[in-house]
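Breakdown of the fold
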Amino acid sequence: MKKLLLGLLAGASLFAFDNVSAKEFAKLLKQKDVVVLDVRTPSEYMEGHIEGANLVPLQLFKYLYLGGKGLADKKVLVYCRSGNRSVTASKALESWGAKRVYNLKGGILEWKAAKLPLVK
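Residues numbered from 1 in each chain as written. Predicted model: local features only at pLDDT ≥ 70, side-chain atom pairs only at ≥ 80, totals over all residues. Heavy atoms only, no water.

1. Quick notes on the confidence of the model for the protein chain
Of all residues in the protein chain, 84% have pLDDT values of 70 or greater, and the mean over the chain is 85. Taken element by element, the predicted model of the protein chain shows its lowest mean pLDDT in helix 1 (residues 2–9) (38) and its highest in helix 6 (residues 107–113) (98). (pLDDT = per-residue confidence, 0-100. Helix = DSSP H or I, 4+ residues; strand = E, 2+ residues; numbered from the N terminus.)

Right, here's the structure in full:
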């Protein structure tokens, strides 16, 4: 407990999700036991999304509780437009028991900048 308090005082986060680049995110997509969550709005999703992504808008997260749905044993990849909403979603997922959460740093904007494919 003392280390936790010292870590918090030093500015450390309680959350351990990983912020990953678009290229790292793309590599993770190819692995087994992966769940991909797009936390943007439905209209943003329709403009183009990463193949295999499940649309779960961040606005719905406060009404959801995904614990016990098998996420604890899977890699959960989360993204949004710029990386802000997905940080909030990543924190929620970890608080619900997901142990391996990966946030796409820079969001779909970084994905596009890396010239990685989108599905429409």
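2. Overview of the environment of Ala 114
Along the chain, Ala 114 falls in the segment after helix 6. In this structure Ala 114 comes out as partly exposed when scored by relative accessible area, which is 29%. Taking the C-alpha atoms as reference points, Ala 114 and Ser 21, separated by 93 residues in sequence, lie 9.4 Å from one another. (Buried < 20%, exposed > 50% of the residue type's maximum accessible area, 1.4 Å probe, protein only.)

3. Side note on the pattern of salt bridges
On inspection of all chains with the given rule, the structure shows three salt bridges. Between Asp 38 and Arg 40 there is a salt bridge, and its shortest N-O distance comes to 2.7 Å. Between Arg 85 and Glu 44 there is a salt bridge whose closest N-O contact spans 3.0 Å. Of this pair, Arg 85 sits in helix 5 (residues 84–95) while Glu 44 sits in helix 3 (residues 42–47), placing them 41 residues apart in sequence. Given the relative accessible area of 15%, Glu 44 is considered buried. (Salt bridge = Lys/Arg side-chain N within 4 Å of Asp/Glu carboxyl O.)

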